[in-house]
Each structure stands twice: as C-alpha cells, then as structure tokens.
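Single-letter residue listing:
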Amino acid sequence: MNTSLATTPLDAWHRSAGAKMVPFAGYEMPIQYASIVGEHQACRTSAALFDVSHMGRIRFDGDGSEHLLDHLLTRRVSDLPVGGVRYGLMCNAEGGVLDDVLVSHLKTPSDRRFHLLVVNASNHQKIIDWITPHLPDFPTVTMSDRTELTAMIAVQGPKAIDVCKKLFTFDPSRLKYYQATITDQFKKPVIVSRTGYTGEDGLELIVRAEEANRVWENILLAGRDEGFTAVGLGARDTLRMEAGMPLYGHELNESIDPISAGLSFACNLQDRTFVGSDALRAIKAAGPKQVRVGMIPEGKRPAREGCDVLDLDGNKIGCVTSGGPSPTLGHPIAMAYVATQHANDKQFQIDIRGKSVLANATPLPFYKRSKKV
Amino acid sequence: MPRDPENLLYAESHEWCDVVEEGGAKIATIGISAFAIEQLNDLVYMDLPEVGKAVTAGEEFGEVESVKAVSPLYSPITGEVVEVHSELPDNLDQLNDDPYDFGWILKVKVSDDSNLSSLMDAAAYKKQCAASG
C-alpha cells in the first residue's frame, strides 16, 4: 500500500463501520460500507451522509478577491451576493477545463467577507499552483488552503433538510438552493450550503477537522429512524451519473471545453474577459466539435468509460465517458461525447468490449427528483 | 448438483470446480466462490459462452459485472461447454444466497484434466481468501 496516502478526520469512523477503503485522489476513502445499490437507494429515499473531506477548500480574504476569481472563472463572481454559491469552471487559455468548482461568498460573525472555492480532490494542488502566480496582481488578496483544517460532510436525500432542521439551531430550509451561510451548530462554526452532487435536495457542511466525528455521528443518530446511512464513493458515482452531472477526469479534462461539455450555462461570455474567454468565444462562434449526450444501452449490460460510440453504420463517432447500471431506473445508463453532427441522433451503437449494443439517445439528466409541492 | 464446498476444487481466480464421472466422461461444473461474490458485491450482469465452445484452463470464458467493475471469469479446466445455466444472468441476486448450487455457471466436458492438481482444495483456498480479505 502507498503509505503517502492522506486520510480524512473521519477515517477511523469509516474503518470501524466496516467500510471498504480505496485510494482516491491521494486519500484513502470509503468506496462502500455494505452494498453500493443499498447506499444509492438510501440517498434517493431517505438521506445519505458522505465524507467529502478530500475535496479542496481554498479561502480568499481581502479586498478584490471577487476580482481575482472573476479573472479566473467562467462565471462572474463580483455580483455574487453574500450567501450566494455559484458553479463555474476554471479554464486554461485554450478553454480547456482545469476544474469545475463551487464558489461561495460568505460573511463571518464578525462581518468579515470572504470567498470560498471548493475544488475537486484530484485537482486541489493543480488549482493552488494555477492561482498562485495570479496573486501578485491582486496584492490585497490572501489565499489560504483550508482543506486540512476542516472536514466536509454532505447530507443528501429527501429527508435531509427535515432531520437537520430538528437537529440544528439554525433552520436550513431558510437557505434556497445554492445558498450558504456560516452558523453556529453544535456550539462551533459551520459553513452550511444547500448544494450537493447527487440530484437530491440536501446540505454540505464544512466544520473544523476536530469536530467532524461529532457532527457526523449527531446527524446519523438524528436520522437513524428515518434510514440515514453512511454512503461511499461508489454510490456517489452512480448517483451523480443518474443526475447527469459531469465528473472531472471523465466528462471534463484539460482538452475538453465547457461549451462541448454542455456547460454553456456556466460560462458568462458577454462583456467579460477572463482566462480562456477568447478561446471559449471562438469555440462558441464556430460551434463545438463534440457534444455530451445521454444514452440508454439496450439490455442489461452496462457500457463503461472508454467504450467506443458508433453510428448505425458502424462508424466511430465518439466515446463513453461514464457508464454503469442505474440503481434507480433499473437499466444501464451512459454519458458520452459524440461528434456534433450526431448530437440529435436517436440511436447509436456502443462497442462494449467487442460486442455492439444498440443505445437510445435520452436527454440528461437520466433522473430528476420530484419537487415537493 | 455440486458437492459440498468443502469437497470442491478452487482456482486462484476464485472459480470453483466439481469434476464427476457421468456416462464414461468427466464433467466439470464451474461456478464462483462465495468469497468472490461477496467481494464483487451488487452484481448486475453476467456474460456466458455458448454450448459447444471450447474453454481452456486459466483462460477467460466470460465476464461478471458489478455496479462498479467488470471482472473476467476464468475456466479452471480444459474442455467443451456442454451446458450453461441460462437462468443465472437474470437472477444474479440469488448468487449471494446460493453460490454452490443455484449458482453453477457452466458444465464442461473435460478433455484434459492435467491441471487439476494445480487447483486448491477448500482448506488452501480458505487460506488464500483469509490472506487477501
């Protein structure tokens, strides 16, 4: 085993709960505690607790941090009100995606405003290295890596808000989707945001590392009768796939631009200049060469990442980026990039390790939760 | 039906094998062990060969897929497939409960059993599982 792997503050808890631990983005992380399908279903019907402490949390303090982030993100940050959270991309000069991130604008109890960037674990150091040379242009801004000092817990599922409402002194239902606040919970400051990566309603909490176990166990206990379950990375992946959400390293990488990835909504190109904006404007004007599509392979056999996508004549037109069984829908699902001229094709073939399987096009997401009335 | 798991032979790659004499021929029934099924977890798909296909000891004869991954199935014996358990791929959840009876995958008419001695008995296989589990 690689001894240089990092662990999260919840590592001992995962092991005592019998989690199967795997190396992931430099961390030892739980892939599953029992059954991936069971954990997936707990998130869709009750609520799931995810340890996402491996994701990077980078804080920006000082005047002008919004301008630094404006310069680096495809989404405008300077008009993000306190309490707002925004999804955006960080691109290189060619428009390739360095990472997809969430940026929050927050205010401490002593009224200090700051921005917090949550980045993918696999890109954490790369993003710090990317931002560092830009800092001298914004001398009043300080960047601090908060990842090791804090833990991050996602509570996701239809019962997440109701249970947390009973447990917290703060009413999380007051937050709208993509809003965040700092609040005292369990007598310690917690950043609470109404965000997630599962297609369900829920919260993501950032707490001090030493508080992680107490917060985690409190929430699990409060939701025990409702079926709250600790859920590993295995089900996190099937959940986000059903929700049609891109995953860095699969749907996104430095040779894919956000326009092709179907993330134009997260690129504010009008009247703005940021790193990569010229390239993205050119791609938008010319039209992307490939587009991200959803497909349902016929039969039970899942198409996996790397399988070729063919047109009905057998010509290669693309590649599967994520694929597997959908526990909620009961059949396989797949996301793929295909050449733009095939964006509206109704049917494809997927070469699943030497055997061609017919696949029907379907709009993303595969699964959409029913909104509460 | 296969014998008790204690009396079966096991491959390093977690298939079990039960060789019996039937009408002058040696017939091997092949499946995957309870340990492997537990490790694979959440099986969703199994790909079986057709009757009549030749299989070779140590070489792939099919695939089993869990939610997360594809795992090849290796034949513990050399011969010709004479029967496949066609109901199994549609009832993979039952493999968990009954890997050594309902869970049989293939019957192979053995043409060469020279590798049988390299398969493990139950005690040796148990040791391997304990070391990797």
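Residues numbered from 1 in each chain as written. Chains lettered and ligands numbered in written order. Predicted model: local features only at pLDDT ≥ 70, side-chain atom pairs only at ≥ 80, totals over all residues. Heavy atoms only, no water.

For chain B, the name recorded in an unreviewed UniProt entry is Glycine cleavage system H protein, with Novipirellula galeiformis as its organism. Per its UniProt entry, chain B bears the Subunit (unreviewed entry) comment "The glycine cleavage system is composed of four proteins: P, T, L and H." The UniProt entry for chain B carries the following text under Function (unreviewed entry): "The glycine cleavage system catalyzes the degradation of glycine. The H protein shuttles the methylamine group of glycine from the P protein to the T protein." (UniProt positions renumbered as here; feature names shortened; annotations may be inferred.)

Within an unreviewed UniProt entry, the label attached to chain A reads aminomethyltransferase, and the organism entered is Novipirellula galeiformis. Note on chain A: under the UniProt heading Catalytic activity (unreviewed entry), the record states "N(6)-[(R)-S(8)-aminomethyldihydrolipoyl]-L-lysyl-[protein] + (6S)-5,6,7,8-tetrahydrofolate = N(6)-[(R)-dihydrolipoyl]-L-lysyl-[protein] + (6R)-5,10-methylene-5,6,7,8-tetrahydrofolate + NH4(+)". In the Sequence similarities (unreviewed entry) part of its UniProt record, chain A is described as follows: "Belongs to the GcvT family."

Asker: Would you mind going over the overall build of chain B with me for this structure?
Answerer: On a plain count of helices and strands, chain B comes out with 3 helices and 9 strands. Helices (α) and strands (β) of chain B occur, in sequence order from the N terminus, as β-β-β-α-β-β-β-β-β-α-β-α. A compact globule built from 133 residues would reach a C-alpha radius of gyration of about 14 Å, and chain B, at 14 Å, matches this within 12%. Residues counted as buried form 52% of the 133 residues belonging to chain B. Across chain B, the centroid of the 8 positively charged side chains sits 6 Å from that of the 26 negatively charged ones. (Helix = DSSP H or I, 4+ residues; strand = E, 2+ residues; numbered from the N terminus. Rg over C-alpha atoms; globule rule 2.2 N^0.38 Å. Buried < 20%, exposed > 50% of the residue type's maximum accessible area, 1.4 Å probe, protein only. Lys, Arg positive; Asp, Glu negative; His and termini not counted. Charge placed at Lys NZ, Arg CZ, Asp CG, Glu CD.)

Asker: Help me out: how do you make sense of the overall build of chain A in this one?
Answerer: Within chain A, the secondary structure is distributed over 8 helices and 19 strands. A compact globule built from 373 residues would reach a C-alpha radius of gyration of about 21 Å, and chain A, at 21 Å, matches this within 12%. By its C-alpha atoms, chain A is 65 × 50 × 50 Å across when sized along the principal axes. Looking at chain A residue by residue over its 373 residues, the buried ones come to 58%. Looking at chain A as shown, the accessible area adds up to about 15800 Å², and 51% of this sits on carbon and sulfur atoms. The centroid of the 42 positive side-chain charges in chain A is displaced by 5 Å from the centroid of its 42 negative side-chain charges. (Areas by Shrake-Rupley, 256 points an atom, 1.4 Å probe, with all protein chains shown as cover.)

Asker: What should I look at first to understand the interface of chain A and chain B in this one?
Answerer: It is common to give the size of an interface as the accessible area lost on bringing the parts into contact. Listed by partner, the interface residues are 17 residues for chain A and 15 residues for chain B. In total, chain A and chain B occlude about 1300 Å² of area from one another, counting both sides; carbon and sulfur atoms represent 46% of this. Contact with chain B buries surface across chain A, with Lys300(A), Arg301(A) and Arg304(A) losing the most and accounting together for 38% of the total. Counting the contacts that link chain A with chain B gives 8 salt bridges. Counting the contacts that link chain A with chain B gives 14 residue pairs in polar contact (both at pLDDT 80 or more). (Contact = heavy atoms within 4.5 Å. Buried area = accessible area lost by both parts, 1.4 Å probe. Salt bridge = Lys/Arg side-chain N within 4 Å of Asp/Glu carboxyl O. Polar contact = N/O pair within 3.5 Å; in protein donor to acceptor, adjacent residues only side chain to side chain.)

Asker: Before we go on, may I ask you to explain the pairing of strand β18 (residues 347-352) of chain A in this structure?
Answerer: Across a regular strand the side chains alternate sides, sitting on one face of the sheet and then on the other. Residues and elements named next belong to chain A. Across 3 bridges, strand β15 (residues 308-310) lies against β18 in antiparallel orientation. Its bridge partner lying in β18, Val309 is registered against Ile350. Note that β18 and strand β19 (residues 355-362) share 6 bridges and pair antiparallel. Bridging from a neighbouring strand, Ile352 pairs with Lys355 of β19. (Pairing = 2+ DSSP bridges.)

Asker: In this structure, what is going on with the domain arrangement of chain A? I would like to understand it.
Answerer: Residues and elements named next belong to chain A. The domain architecture assigned to chain A consists of domain 1 (11-54 + 149-242), domain 2 (57-145) and domain 3 (289-362). Between domain 1 and domain 3, the residue contacts involve 8 residues of the former and 10 residues of the latter. Summed over the three residues of domain 1 that lose the most area to domain 3, namely Arg240, Met241 and Glu242, the buried surface amounts to 67% of that side. At the junction of domain 1 with domain 3, the criterion picks out 0 salt bridges. Linking domain 1 to domain 3 there are 5 residue pairs in polar contact (both at pLDDT 80 or more). Of all the secondary-structure elements, those providing two or more residues to the side of domain 1 that touches domain 3 are α2 (36-45) and α7 (233-242). Across the side of domain 1 that touches domain 3, the residue classes break down as 2 nonpolar, 3 polar and 3 charged. (Domains from an automatic or database assignment. Nonpolar A, V, L, I, M, F, W, Y, C, P; charged D, E, K, R; others polar.)

Asker: What should I look at first to understand the UniProt feature "binding site: substrate" (unreviewed entry) in chain A in this one?
Answerer: All names here are of chain A. As annotated by UniProt and renumbered to match this structure, "binding site: substrate" (unreviewed entry) occupies Glu204. The residue Glu204 is located in strand β12 (residues 202-208) in this model. Residues contacting Glu204, with those up to four places away along its chain left out, are Leu102, Met152, Ile153, Ala154, Gln156, Ile191, Val192, Ser193, Thr195, Gly196 and Arg236.

Asker: Honestly, the UniProt feature "domain: Lipoyl-binding" (unreviewed entry) in chain B in this entry has me stumped. Any pointers?
Answerer: As annotated in UniProt, the feature "domain: Lipoyl-binding" (unreviewed entry) corresponds to residues 27-109 of chain B in the numbering used here. Structurally, residues 27-109 of chain B comprises 14% helix and 43% strand, and the distance from its first C-alpha atom to its last is 5 Å.

Asker: In this structure, what is going on with the pairing of strand β7 (residues 113-119) of chain A? I would like to understand it.
Answerer: All names here are of chain A. Burial analysis of β7 places 6 of its 7 residues in the buried class, the great majority of the element. Pairing geometry for strand β6 (residues 97-107) and β7, over 6 bridges, is antiparallel. Bridge pairing links Val103 to Leu117 in β7. Connecting the antiparallel pair β6 and β7 is a turn made up of 5 residues, with Asp111 showing a positive phi of about 70°.

Asker: Teacher, can you tell me more about the UniProt feature "domain: Aminomethyltransferase C-terminal" (unreviewed entry) in chain A here?
Answerer: The feature "domain: Aminomethyltransferase C-terminal" (unreviewed entry), as given by UniProt, occupies residues 293-368 of chain A in the numbering adopted here. Annotated as residues 293-368 of chain A, this span is 0% helix and 55% strand, and its ends, taken at the C-alpha atoms, are 16 Å apart.

Asker: Is there a simple way to explain the nonpolar core in this structure?
Answerer: General note: in soluble globular proteins, nonpolar side chains tend to be found buried as a group. Residues and elements named next belong to chain A. Ranked by size, the top nonpolar core spans 39 residues in total, and within it Phe50, Leu89, Leu252 and Leu280 carry the most contacts. If you count residues domain by domain, this core takes at least three from each of domain 1 (11-54 + 149-242) and domain 2 (57-145). What Leu252 contacts, discounting residues up to four positions off in sequence, is Tyr87, Leu89, Val97, Asp100, Pro246, Leu247, Ala261 and Leu263. By size, the runner-up hydrophobic cluster in this structure holds 30 residues, among which are Leu10, Val207, Phe228 and Ala230. (Core = buried A, V, L, I, M, F, W, Y, C linked by side-chain atoms within 4.5 Å.)

Asker: Any chance you could explain the sheet that holds β15(A) here in plain terms?
Answerer: Whenever strands of a sheet pair, they do so through backbone hydrogen bonds, lying parallel or antiparallel. Ordered by their spatial adjacency, 6 strands build a closed barrel running β14-β17-β16-β15-β18-β19 (chain A), and the pairing between neighbours is antiparallel. Pairs of neighbouring strands in the sheet enclose a mean axial angle of 45°, with direction left out of account. (Axes fitted to C-alpha atoms, helices over the stretch in contact; angles between N-to-C directions.)

Asker: Even after reading the chapter, I still don't get the UniProt feature "modified residue: N6-lipoyllysine" (unreviewed entry) in chain B, so can you show me in this structure?
Answerer: Per the UniProt record, "modified residue: N6-lipoyllysine" (unreviewed entry) is annotated on Lys68(B). Tracing the backbone shows Lys68(B) in the loop between β6 (60-66) and β7 (70-74). Judged by relative accessible area, which is 34%, Lys68(B) ranks as partly exposed. Not counting residues up to four positions away in its chain, the partners in contact with Lys68(B) are Ile31(A), Ile36(A), Gly234(A), Asp237(A) and Arg304(A). In terms of polar contacts, Lys68(B) uses its side chain to reach the side chain of Asp237(A), at 3.2 Å.

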